[in-house]
Amino acid sequence: MSSIDVHRQHYNVTFTLLALAAVAYALLQSLVAPALLTIQHDLHTTTAGAAWILSAYLLSASVVTPIAGRLGDMFGKKLVLVAVLVVLAAGTVLAGLATSITVMIVARVIQGAGGAIFPLAFAIIRDEFPRERVPHGIALISAILGIGGGLGIVLAGPIVAHFSYHWLFWFPLVAVVAAVVGTIFFVPESPVRTPGRIDPIGALLLSGWLVALLIPVSEGESWGWTSGKTLALFAVAAVLIPVWIWYESRSRAPVVDMRMMRLRGVWTTNLAALVFGFGMYSSFILVPEFVELPSSTGFGFGASVTKAGLFMVPATIGMLLAGPVSGRLSTTVGSKLPLLLGSVCSCAAFVMLAAAHDADWEIYTAMLVLGIGIGFAFASMANLIVEAVPSHQTGVATGMNTIVRTIGGAIGSQVTAGIVTATVVANGLPTENGFTIAFAASAAALAVGFVVALAVPAGRSATESVAEAA
(Lines give C-alpha, C1' and ligand atoms only; values in the text may rest on other atoms or scores of the structure.)
Protein backbone atom coordinates (compact mmCIF):
# COMPACT_ATOMS: atom_id res chain seq x y z
CA MET A 1 0.00 0.00 0.00
CA SER A 2 1.44 3.37 -1.00
CA SER A 3 1.84 6.32 1.36
CA ILE A 4 -0.92 8.14 -0.56
CA ASP A 5 -3.33 5.27 0.07
CA VAL A 6 -2.52 5.31 3.78
CA HIS A 7 -3.01 9.08 3.92
CA ARG A 8 -6.42 8.87 2.25
CA GLN A 9 -7.71 6.27 4.72
CA HIS A 10 -8.37 8.85 7.44
CA TYR A 11 -11.55 10.33 6.01
CA ASN A 12 -12.87 11.09 9.52
CA VAL A 13 -10.14 13.72 9.91
CA THR A 14 -11.26 15.26 6.63
CA PHE A 15 -14.86 15.28 7.83
CA THR A 16 -13.95 16.94 11.14
CA LEU A 17 -12.20 19.80 9.36
CA LEU A 18 -15.01 20.23 6.85
CA ALA A 19 -17.53 20.30 9.70
CA LEU A 20 -15.46 22.94 11.52
CA ALA A 21 -15.42 25.15 8.44
CA ALA A 22 -19.15 24.65 7.87
CA VAL A 23 -20.18 25.49 11.43
CA ALA A 24 -18.02 28.65 11.38
CA TYR A 25 -19.77 29.87 8.24
CA ALA A 26 -23.22 28.99 9.61
CA LEU A 27 -22.51 30.88 12.83
CA LEU A 28 -21.34 33.96 10.93
CA GLN A 29 -24.55 33.81 8.92
CA SER A 30 -26.90 33.72 11.92
CA LEU A 31 -25.10 35.38 14.85
CA VAL A 32 -25.59 38.84 13.40
CA ALA A 33 -29.38 38.74 12.96
CA PRO A 34 -30.43 38.91 16.65
CA ALA A 35 -27.82 41.60 17.36
CA LEU A 36 -28.72 43.79 14.39
CA LEU A 37 -30.32 46.53 16.51
CA THR A 38 -27.23 46.72 18.75
CA ILE A 39 -24.92 46.95 15.75
CA GLN A 40 -27.16 49.62 14.22
CA HIS A 41 -26.87 51.80 17.34
CA ASP A 42 -23.13 51.29 17.78
CA LEU A 43 -22.38 52.10 14.13
CA HIS A 44 -24.77 55.08 14.13
CA THR A 45 -26.67 53.95 11.06
CA THR A 46 -30.28 53.67 9.99
CA THR A 47 -32.50 50.58 9.96
CA ALA A 48 -32.08 50.41 6.18
CA GLY A 49 -28.30 50.60 6.53
CA ALA A 50 -28.25 47.86 9.15
CA ALA A 51 -30.39 45.63 6.92
CA TRP A 52 -27.56 45.64 4.39
CA ILE A 53 -25.39 43.81 6.93
CA LEU A 54 -27.57 40.78 6.20
CA SER A 55 -28.31 41.55 2.56
CA ALA A 56 -24.66 42.05 1.57
CA TYR A 57 -23.74 38.66 3.03
CA LEU A 58 -26.66 36.99 1.26
CA LEU A 59 -25.90 38.55 -2.13
CA SER A 60 -22.19 37.79 -1.99
CA ALA A 61 -22.76 34.17 -0.99
CA SER A 62 -25.33 33.73 -3.76
CA VAL A 63 -22.96 35.00 -6.44
CA VAL A 64 -19.78 33.29 -5.23
CA THR A 65 -21.16 29.84 -4.30
CA PRO A 66 -21.92 28.36 -7.75
CA ILE A 67 -18.84 29.95 -9.33
CA ALA A 68 -16.53 28.65 -6.60
CA GLY A 69 -18.17 25.24 -6.89
CA ARG A 70 -17.35 25.22 -10.60
CA LEU A 71 -13.76 26.33 -9.91
CA GLY A 72 -13.42 23.49 -7.42
CA ASP A 73 -14.56 21.00 -10.04
CA MET A 74 -11.96 22.43 -12.43
CA PHE A 75 -8.87 23.16 -10.33
CA GLY A 76 -9.27 21.03 -7.20
CA LYS A 77 -11.69 21.22 -4.30
CA LYS A 78 -9.04 21.53 -1.58
CA LEU A 79 -7.27 24.41 -3.35
CA VAL A 80 -10.48 26.39 -3.79
CA LEU A 81 -11.69 25.55 -0.25
CA VAL A 82 -8.48 26.92 1.25
CA ALA A 83 -8.83 30.07 -0.84
CA VAL A 84 -12.45 30.50 0.26
CA LEU A 85 -11.55 30.02 3.93
CA VAL A 86 -8.73 32.57 3.71
CA VAL A 87 -11.12 35.11 2.17
CA LEU A 88 -13.70 34.32 4.88
CA ALA A 89 -11.06 34.85 7.58
CA ALA A 90 -10.04 38.21 6.06
CA GLY A 91 -13.66 39.37 5.93
CA THR A 92 -14.23 38.26 9.53
CA VAL A 93 -11.20 40.20 10.78
CA LEU A 94 -12.43 43.30 8.96
CA ALA A 95 -15.93 42.89 10.43
CA GLY A 96 -14.49 42.51 13.93
CA LEU A 97 -12.54 45.76 13.50
CA ALA A 98 -15.32 47.71 11.75
CA THR A 99 -16.31 51.03 13.28
CA SER A 100 -18.50 52.29 10.44
CA ILE A 101 -21.40 50.83 8.49
CA THR A 102 -19.49 51.13 5.21
CA VAL A 103 -16.60 49.00 6.47
CA MET A 104 -19.02 46.51 7.99
CA ILE A 105 -20.91 46.06 4.71
CA VAL A 106 -17.64 45.60 2.79
CA ALA A 107 -16.58 43.01 5.36
CA ARG A 108 -19.88 41.15 5.00
CA VAL A 109 -19.49 41.08 1.21
CA ILE A 110 -16.06 39.49 1.65
CA GLN A 111 -17.43 37.02 4.21
CA GLY A 112 -20.12 35.91 1.78
CA ALA A 113 -17.45 33.95 -0.11
CA GLY A 114 -17.77 31.39 2.66
CA GLY A 115 -21.04 30.21 1.13
CA ALA A 116 -18.95 28.04 -1.18
CA ILE A 117 -17.79 25.91 1.77
CA PHE A 118 -20.82 23.64 1.53
CA PRO A 119 -20.70 22.61 -2.14
CA LEU A 120 -16.93 22.18 -1.90
CA ALA A 121 -17.34 20.04 1.22
CA PHE A 122 -19.93 17.86 -0.52
CA ALA A 123 -17.59 17.38 -3.47
CA ILE A 124 -14.63 16.48 -1.25
CA ILE A 125 -16.74 13.95 0.65
CA ARG A 126 -17.89 12.36 -2.61
CA ASP A 127 -14.31 12.06 -3.83
CA GLU A 128 -12.62 10.99 -0.59
CA PHE A 129 -15.07 8.92 1.45
CA PRO A 130 -15.81 5.22 0.96
CA ARG A 131 -18.88 5.00 -1.23
CA GLU A 132 -21.10 3.59 1.50
CA ARG A 133 -20.14 6.50 3.82
CA VAL A 134 -20.82 9.31 1.35
CA PRO A 135 -24.56 9.78 2.12
CA HIS A 136 -23.88 9.82 5.86
CA GLY A 137 -21.10 12.40 5.56
CA ILE A 138 -23.12 14.66 3.26
CA ALA A 139 -26.14 14.41 5.55
CA LEU A 140 -24.12 15.52 8.58
CA ILE A 141 -22.55 18.47 6.76
CA SER A 142 -26.00 19.50 5.51
CA ALA A 143 -27.42 19.34 9.03
CA ILE A 144 -24.61 21.61 10.26
CA LEU A 145 -26.01 24.52 8.23
CA GLY A 146 -29.22 24.38 10.25
CA ILE A 147 -27.50 23.50 13.52
CA GLY A 148 -25.04 26.37 13.19
CA GLY A 149 -27.86 28.71 12.24
CA GLY A 150 -29.82 27.75 15.36
CA LEU A 151 -26.76 28.03 17.61
CA GLY A 152 -26.04 31.48 16.24
CA ILE A 153 -29.46 32.73 17.26
CA VAL A 154 -29.06 31.16 20.71
CA LEU A 155 -25.54 32.50 21.35
CA ALA A 156 -25.93 36.02 19.97
CA GLY A 157 -27.70 37.40 23.06
CA PRO A 158 -25.17 36.21 25.67
CA ILE A 159 -22.20 37.27 23.52
CA VAL A 160 -23.51 40.81 23.05
CA ALA A 161 -24.59 41.07 26.69
CA HIS A 162 -21.26 39.97 28.18
CA PHE A 163 -18.80 41.18 25.54
CA SER A 164 -19.65 43.35 22.52
CA TYR A 165 -20.94 42.80 19.00
CA HIS A 166 -17.33 42.60 17.77
CA TRP A 167 -17.05 39.21 19.46
CA LEU A 168 -19.76 37.89 17.15
CA PHE A 169 -16.90 37.76 14.65
CA TRP A 170 -13.87 37.03 16.86
CA PHE A 171 -15.24 33.74 18.23
CA PRO A 172 -16.04 32.20 14.79
CA LEU A 173 -12.69 33.48 13.48
CA VAL A 174 -10.90 30.96 15.73
CA ALA A 175 -12.78 28.12 13.99
CA VAL A 176 -12.09 29.58 10.53
CA VAL A 177 -8.34 29.85 11.16
CA ALA A 178 -8.23 26.32 12.58
CA ALA A 179 -10.08 25.07 9.50
CA VAL A 180 -7.60 26.81 7.18
CA VAL A 181 -4.57 25.27 8.89
CA GLY A 182 -6.17 21.83 9.18
CA THR A 183 -7.31 21.80 5.55
CA ILE A 184 -3.87 22.72 4.27
CA PHE A 185 -2.10 19.97 6.20
CA PHE A 186 -4.64 17.15 6.53
CA VAL A 187 -7.23 17.29 3.72
CA PRO A 188 -6.01 15.50 0.57
CA GLU A 189 -6.47 17.12 -2.82
CA SER A 190 -9.04 15.35 -4.95
CA PRO A 191 -7.80 13.65 -8.12
CA VAL A 192 -11.19 14.29 -9.83
CA ARG A 193 -10.91 17.34 -12.11
CA THR A 194 -12.91 18.78 -14.99
CA PRO A 195 -10.63 20.61 -17.44
CA GLY A 196 -12.15 23.83 -18.70
CA ARG A 197 -12.52 27.52 -18.02
CA ILE A 198 -15.01 29.96 -16.55
CA ASP A 199 -16.87 31.87 -19.26
CA PRO A 200 -16.84 35.47 -17.95
CA ILE A 201 -20.06 36.38 -19.76
CA GLY A 202 -21.89 33.42 -18.20
CA ALA A 203 -20.55 34.32 -14.75
CA LEU A 204 -21.55 37.96 -15.24
CA LEU A 205 -25.08 37.04 -16.33
CA LEU A 206 -25.44 34.66 -13.38
CA SER A 207 -24.26 37.33 -10.95
CA GLY A 208 -26.49 39.92 -12.60
CA TRP A 209 -29.78 38.06 -12.27
CA LEU A 210 -29.02 36.89 -8.73
CA VAL A 211 -28.33 40.45 -7.59
CA ALA A 212 -31.32 41.85 -9.51
CA LEU A 213 -33.60 39.27 -7.91
CA LEU A 214 -32.32 39.19 -4.34
CA ILE A 215 -31.94 42.94 -3.73
CA PRO A 216 -35.64 43.75 -4.25
CA VAL A 217 -36.67 40.59 -2.39
CA SER A 218 -34.54 41.67 0.59
CA GLU A 219 -35.34 45.39 0.42
CA GLY A 220 -38.91 45.33 -0.89
CA GLU A 221 -40.41 45.77 2.57
CA SER A 222 -38.50 49.03 3.19
CA TRP A 223 -38.53 50.31 -0.40
CA GLY A 224 -42.15 49.39 -1.06
CA TRP A 225 -43.15 46.48 -3.29
CA THR A 226 -44.56 48.80 -5.96
CA SER A 227 -41.73 51.35 -5.84
CA GLY A 228 -39.78 52.14 -9.00
CA LYS A 229 -36.55 50.59 -7.73
CA THR A 230 -38.23 47.34 -6.73
CA LEU A 231 -40.14 46.91 -9.98
CA ALA A 232 -37.15 47.90 -12.11
CA LEU A 233 -34.87 45.32 -10.49
CA PHE A 234 -37.50 42.58 -10.79
CA ALA A 235 -37.82 43.49 -14.47
CA VAL A 236 -34.04 43.25 -14.94
CA ALA A 237 -34.06 39.81 -13.30
CA ALA A 238 -36.95 38.69 -15.52
CA VAL A 239 -34.91 39.64 -18.59
CA LEU A 240 -31.52 38.32 -17.44
CA ILE A 241 -32.70 34.86 -16.31
CA PRO A 242 -33.84 33.64 -19.77
CA VAL A 243 -30.84 35.35 -21.41
CA TRP A 244 -28.52 33.51 -18.99
CA ILE A 245 -30.22 30.17 -19.68
CA TRP A 246 -30.02 30.75 -23.44
CA TYR A 247 -26.34 31.74 -23.27
CA GLU A 248 -25.30 28.89 -20.95
CA SER A 249 -27.10 26.39 -23.19
CA ARG A 250 -24.87 27.44 -26.10
CA SER A 251 -21.61 28.11 -24.27
CA ARG A 252 -18.66 25.77 -24.74
CA ALA A 253 -17.58 26.41 -21.13
CA PRO A 254 -20.79 27.10 -19.16
CA VAL A 255 -20.61 28.04 -15.50
CA VAL A 256 -23.72 25.91 -14.99
CA ASP A 257 -24.45 23.11 -17.46
CA MET A 258 -28.10 23.52 -18.47
CA ARG A 259 -28.30 19.85 -19.44
CA MET A 260 -27.47 19.01 -15.84
CA MET A 261 -30.10 21.46 -14.54
CA ARG A 262 -32.75 19.76 -16.70
CA LEU A 263 -32.17 16.36 -15.11
CA ARG A 264 -35.30 15.33 -13.25
CA GLY A 265 -33.37 14.52 -10.09
CA VAL A 266 -31.82 18.01 -10.15
CA TRP A 267 -34.73 20.32 -10.98
CA THR A 268 -37.20 18.57 -8.67
CA THR A 269 -34.72 18.67 -5.78
CA ASN A 270 -33.98 22.33 -6.46
CA LEU A 271 -37.71 23.10 -6.41
CA ALA A 272 -37.95 21.31 -3.07
CA ALA A 273 -34.99 23.36 -1.80
CA LEU A 274 -36.81 26.57 -2.75
CA VAL A 275 -39.83 25.58 -0.67
CA PHE A 276 -37.85 24.31 2.32
CA GLY A 277 -35.73 27.46 2.33
CA PHE A 278 -39.01 29.39 2.58
CA GLY A 279 -40.06 27.42 5.65
CA MET A 280 -36.74 27.35 7.49
CA TYR A 281 -35.88 31.02 7.21
CA SER A 282 -39.42 32.18 7.95
CA SER A 283 -39.21 30.30 11.27
CA PHE A 284 -35.99 32.17 12.12
CA ILE A 285 -37.89 35.43 11.61
CA LEU A 286 -41.34 34.62 12.98
CA VAL A 287 -40.64 32.69 16.19
CA PRO A 288 -38.14 35.12 17.83
CA GLU A 289 -40.32 38.10 16.90
CA PHE A 290 -43.43 36.36 18.26
CA VAL A 291 -41.95 35.46 21.66
CA GLU A 292 -40.25 38.85 22.08
CA LEU A 293 -43.55 40.75 21.85
CA PRO A 294 -44.68 42.09 25.26
CA SER A 295 -47.14 40.01 27.27
CA SER A 296 -49.45 43.04 27.29
CA THR A 297 -50.43 42.12 23.72
CA GLY A 298 -52.25 39.11 25.12
CA PHE A 299 -50.20 36.60 23.16
CA GLY A 300 -46.52 37.64 23.33
CA PHE A 301 -44.09 36.13 25.85
CA GLY A 302 -42.07 39.28 26.61
CA ALA A 303 -38.86 37.33 26.03
CA SER A 304 -35.43 38.96 25.87
CA VAL A 305 -33.13 38.36 22.90
CA THR A 306 -31.33 35.68 24.93
CA LYS A 307 -34.52 33.91 25.97
CA ALA A 308 -35.89 34.15 22.44
CA GLY A 309 -32.80 32.27 21.31
CA LEU A 310 -33.61 29.51 23.79
CA PHE A 311 -36.88 28.88 21.97
CA MET A 312 -34.76 27.90 18.96
CA VAL A 313 -32.74 25.29 20.91
CA PRO A 314 -35.22 22.44 20.25
CA ALA A 315 -34.94 23.09 16.51
CA THR A 316 -31.17 22.79 16.74
CA ILE A 317 -31.50 19.54 18.72
CA GLY A 318 -33.97 18.22 16.14
CA MET A 319 -31.56 18.91 13.29
CA LEU A 320 -28.72 17.28 15.22
CA LEU A 321 -30.83 14.15 15.72
CA ALA A 322 -32.29 13.96 12.23
CA GLY A 323 -29.10 14.54 10.23
CA PRO A 324 -27.39 11.23 11.05
CA VAL A 325 -30.68 9.32 10.72
CA SER A 326 -31.24 10.86 7.29
CA GLY A 327 -27.76 9.77 6.26
CA ARG A 328 -28.43 6.19 7.33
CA LEU A 329 -31.76 6.14 5.50
CA SER A 330 -30.05 7.46 2.36
CA THR A 331 -27.51 4.65 2.67
CA THR A 332 -30.08 1.88 3.13
CA VAL A 333 -33.28 2.91 1.32
CA GLY A 334 -32.32 5.99 -0.69
CA SER A 335 -32.62 9.76 -0.15
CA LYS A 336 -36.21 10.29 -1.24
CA LEU A 337 -37.77 8.88 1.93
CA PRO A 338 -36.03 11.33 4.31
CA LEU A 339 -37.10 14.19 2.03
CA LEU A 340 -40.73 13.06 2.32
CA LEU A 341 -40.38 12.68 6.08
CA GLY A 342 -38.81 16.11 6.30
CA SER A 343 -41.66 17.76 4.40
CA VAL A 344 -44.29 16.09 6.59
CA CYS A 345 -42.56 17.04 9.86
CA SER A 346 -41.88 20.64 8.78
CA CYS A 347 -45.45 21.15 7.60
CA ALA A 348 -46.81 19.63 10.81
CA ALA A 349 -44.63 21.98 12.89
CA PHE A 350 -46.10 25.09 11.29
CA VAL A 351 -49.62 23.67 11.62
CA MET A 352 -48.90 23.24 15.34
CA LEU A 353 -47.65 26.83 15.58
CA ALA A 354 -50.72 28.16 13.79
CA ALA A 355 -53.11 26.15 15.97
CA ALA A 356 -51.48 26.40 19.40
CA HIS A 357 -48.93 29.00 20.52
CA ASP A 358 -50.12 30.09 23.98
CA ALA A 359 -47.63 28.20 26.17
CA ASP A 360 -43.88 27.75 26.18
CA TRP A 361 -44.08 23.99 25.74
CA GLU A 362 -46.18 24.40 22.58
CA ILE A 363 -43.49 26.53 20.96
CA TYR A 364 -40.74 24.18 22.12
CA THR A 365 -42.56 21.13 20.77
CA ALA A 366 -43.26 22.72 17.40
CA MET A 367 -39.64 23.85 17.05
CA LEU A 368 -38.36 20.34 17.86
CA VAL A 369 -40.60 18.87 15.15
CA LEU A 370 -39.51 21.60 12.73
CA GLY A 371 -35.84 20.90 13.45
CA ILE A 372 -36.34 17.21 12.76
CA GLY A 373 -38.07 18.05 9.48
CA ILE A 374 -35.38 20.47 8.35
CA GLY A 375 -32.65 18.01 9.36
CA PHE A 376 -34.20 15.26 7.27
CA ALA A 377 -34.91 17.49 4.29
CA PHE A 378 -31.63 19.40 4.01
CA ALA A 379 -29.52 16.27 4.42
CA SER A 380 -31.52 14.35 1.80
CA MET A 381 -31.50 17.16 -0.77
CA ALA A 382 -27.71 17.32 -0.90
CA ASN A 383 -27.57 13.55 -1.32
CA LEU A 384 -30.22 13.60 -4.05
CA ILE A 385 -28.19 16.14 -6.03
CA VAL A 386 -24.99 14.12 -5.58
CA GLU A 387 -26.78 10.95 -6.73
CA ALA A 388 -28.18 12.72 -9.81
CA VAL A 389 -25.02 14.27 -11.30
CA PRO A 390 -21.58 12.99 -12.40
CA SER A 391 -18.76 13.41 -9.89
CA HIS A 392 -17.09 16.16 -11.94
CA GLN A 393 -20.22 18.36 -11.57
CA THR A 394 -20.76 17.87 -7.84
CA GLY A 395 -19.46 21.29 -6.79
CA VAL A 396 -21.49 23.43 -9.18
CA ALA A 397 -24.64 21.27 -8.84
CA THR A 398 -24.71 21.40 -5.03
CA GLY A 399 -23.76 25.08 -5.22
CA MET A 400 -26.85 25.85 -7.29
CA ASN A 401 -29.00 23.84 -4.88
CA THR A 402 -27.62 25.93 -2.01
CA ILE A 403 -28.43 29.14 -3.89
CA VAL A 404 -31.98 28.04 -4.71
CA ARG A 405 -32.50 27.32 -1.01
CA THR A 406 -31.14 30.78 -0.18
CA ILE A 407 -33.54 32.39 -2.65
CA GLY A 408 -36.40 30.47 -1.05
CA GLY A 409 -35.27 31.66 2.37
CA ALA A 410 -35.13 35.29 1.24
CA ILE A 411 -38.63 35.04 -0.24
CA GLY A 412 -40.02 33.22 2.80
CA SER A 413 -38.66 35.68 5.34
CA GLN A 414 -40.01 38.65 3.39
CA VAL A 415 -43.43 37.15 2.63
CA THR A 416 -44.10 36.08 6.21
CA ALA A 417 -42.70 39.35 7.62
CA GLY A 418 -44.97 41.22 5.21
CA ILE A 419 -48.00 39.25 6.40
CA VAL A 420 -47.23 40.12 10.03
CA THR A 421 -46.48 43.77 9.23
CA ALA A 422 -49.79 44.13 7.39
CA THR A 423 -51.64 43.49 10.67
CA VAL A 424 -49.89 46.19 12.72
CA VAL A 425 -52.43 48.19 14.74
CA ALA A 426 -52.42 51.70 16.19
CA ASN A 427 -49.93 50.89 18.96
CA GLY A 428 -47.38 49.81 16.36
CA LEU A 429 -47.51 46.12 17.28
CA PRO A 430 -48.72 43.27 15.06
CA THR A 431 -51.76 41.16 15.91
CA GLU A 432 -51.92 37.50 16.85
CA ASN A 433 -53.94 36.85 13.70
CA GLY A 434 -51.04 38.08 11.57
CA PHE A 435 -48.71 35.47 13.05
CA THR A 436 -51.34 32.76 12.70
CA ILE A 437 -51.73 33.55 9.00
CA ALA A 438 -47.94 33.64 8.53
CA PHE A 439 -47.53 30.24 10.23
CA ALA A 440 -50.33 28.84 8.07
CA ALA A 441 -48.73 30.25 4.91
CA SER A 442 -45.46 28.50 5.77
CA ALA A 443 -47.37 25.26 6.39
CA ALA A 444 -49.04 25.60 2.99
CA ALA A 445 -45.68 26.15 1.29
CA LEU A 446 -44.25 23.04 2.92
CA ALA A 447 -47.33 21.04 1.90
CA VAL A 448 -46.42 22.00 -1.66
CA GLY A 449 -42.92 20.77 -0.81
CA PHE A 450 -44.35 17.32 -0.03
CA VAL A 451 -46.00 17.21 -3.46
CA VAL A 452 -42.71 18.23 -5.09
CA ALA A 453 -40.86 15.58 -3.07
CA LEU A 454 -43.18 12.92 -4.51
CA ALA A 455 -41.93 13.90 -7.98
CA VAL A 456 -38.26 13.44 -7.06
CA PRO A 457 -36.89 10.20 -8.55
CA ALA A 458 -36.10 7.59 -5.92
CA GLY A 459 -32.62 6.73 -7.19
CA ARG A 460 -30.54 4.01 -5.57
CA SER A 461 -29.29 3.59 -2.03
CA ALA A 462 -25.57 3.60 -1.34
CA THR A 463 -25.85 -0.06 -0.31
CA GLU A 464 -27.21 -0.98 -3.75
CA SER A 465 -24.50 1.09 -5.48
CA VAL A 466 -21.73 -0.63 -3.51
CA ALA A 467 -23.24 -4.06 -4.25
CA GLU A 468 -23.37 -3.26 -7.97
CA ALA A 469 -19.79 -1.99 -7.96
CA ALA A 470 -18.67 -5.15 -6.18
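Going by the structure above, here's the rest.
Residues numbered from 1 in each chain as written. Predicted model: local features only at pLDDT ≥ 70, side-chain atom pairs only at ≥ 80, totals over all residues. Heavy atoms only, no water.

Colleague: Mind showing me how you'd approach the pattern of salt bridges here?
Modeller: Where charged atoms from two side chains of opposite charge come close, those side chains can pair. What the rule picks out here adds up to two salt bridges. Of the charged contacts in the structure, one is a salt bridge between Asp127 and Lys77, with a shortest N-O distance of 2.9 Å. One end of the pair, Asp127, is in helix α7 (residues 117-128); the other, Lys77, is in helix α5 (residues 77-97), with 50 residues separating them in the sequence. By the burial criterion, Asp127 is buried, and Lys77 matches it. With its nearest N and O atoms 3.2 Å apart, the salt bridge here joins Asp257 to Arg259. Its relative accessible area of 61% is what places Arg259 among the exposed residues. (Salt bridge = Lys/Arg side-chain N within 4 Å of Asp/Glu carboxyl O. Helix = DSSP H or I, 4+ residues; strand = E, 2+ residues; numbered from the N terminus. Buried < 20%, exposed > 50% of the residue type's maximum accessible area, 1.4 Å probe, protein only.)

Colleague: In this structure, what is going on with the packing of helix α4 (residues 47-75) against helix α18 (residues 394-421)? I would like to understand it.
Modeller: Helix-helix packing is described using two parameters, namely the angle between the two axes and the distance between the axes. Closest axis-to-axis distance for the α4/α18 pair is 7 Å, and the angle between their directions is 170°. The angle between α4 and α18 places the two elements in the roughly antiparallel class. Every pair of crossing elements has a handedness; the one defined by α4 and α18 is left-handed. Residues Leu58, Ala61, Ser62, Thr65, Pro66, Gly69, Arg70 and Asp73 of α4 lie in contact with α18, whose contacting residues are Thr394, Gly395, Val396, Gly399, Met400, Thr402, Ile403, Thr406 and Ala410. (Axes fitted to C-alpha atoms, helices over the stretch in contact; angles between N-to-C directions. Parallel < 35°, antiparallel > 145°, perpendicular 65-115°, else oblique. Left-handed = near helix turned anticlockwise from the far one by under 90°. Contact = heavy atoms within 4.5 Å.)

Colleague: Would you mind going over a nonpolar patch on the surface with me for this structure?
Modeller: On the surface, a cluster of nonpolar side chains totalling about 540 Å² of accessible area is made up of Val13, Val177, Val181, Ile184, Phe185 and Phe186. Among the elements that take part in the nonpolar patch, helix α9 (residues 167-186) stands out by supplying five residues, more than any other. Here Val177 lies in helix α9. (Patch = residues over 30% accessible without salt bridge, like charges linked within 9 Å, V, L, I, M, F, W, Y side chains within 5 Å. Areas by Shrake-Rupley, 256 points an atom, 1.4 Å probe, with all protein chains shown as cover.)

Colleague: Teacher, can you tell me more about the packing of aromatic side chains here?
Modeller: How two aromatic rings sit relative to each other is set out by the distance from centre to centre and by the angle between their planes. Scanning all chains against the criterion turns up 16 aromatic pairs. An angle of 15° between the planes, with centres 4.9 Å apart, marks the rings of Phe311 and Tyr364 as stacked. Of the two residues, Phe311 sits in the loop between α14 (305-310) and α15 (313-332) while Tyr364 sits in helix α17 (residues 360-388), which places them 53 residues apart along the sequence. Grouped by ring-pair contacts, the aromatic residues Phe290, Phe299, Phe301, Phe311, Phe350, Tyr364, Phe435 and Phe439 constitute a single cluster. Across the ring face of Tyr57, the terminal group of Arg108 is positioned such that the distance to the ring centre comes to 4.0 Å. The aromatic ring of Phe378 is capped on one face by Arg405, whose charged end is 4.3 Å from the ring centroid. (Phe/Tyr/Trp six-rings, centres within 6.5 Å; stacked < 30°, edge-to-face > 60°. Lys NZ or Arg CZ within 6 Å of the ring centre and 35° of its normal.)

Colleague: Explanation requested: the nonpolar core in the structure shown.
Modeller: Nonpolar side chains tend to gather and get buried jointly when the protein is soluble and globular. With 61 residues, the main nonpolar core has Met104, Ile117, Ile141, Leu168 and Phe169 as its most contacted residues. No other element matches helix α2 (residues 11-30), which puts 11 residues into this core. When residues no more than four places from it in sequence are discounted, the contact partners of Met104 are Leu43, Ile53, Ala95, Ala98, Tyr165 and Phe169. Within the second largest apolar cluster, 52 residues are counted, among which are Ile147, Ile153, Met312 and Ala438. (Core = buried A, V, L, I, M, F, W, Y, C linked by side-chain atoms within 4.5 Å.)

Colleague: Is there a simple way to think about the environment of Leu36 in this case?
Modeller: As for its position among the elements, Leu36 is in helix α3 (residues 36-42). Residue class for Leu36 comes out buried when judged on its relative accessible area of 18%. Residues Leu36 and Ala156, 120 residues apart in the sequence, show an inter-C-alpha distance of 10.0 Å. When near neighbours in sequence (up to four residues on either side) are disregarded, Leu36 contacts Ala50, Ile53 and Leu54.

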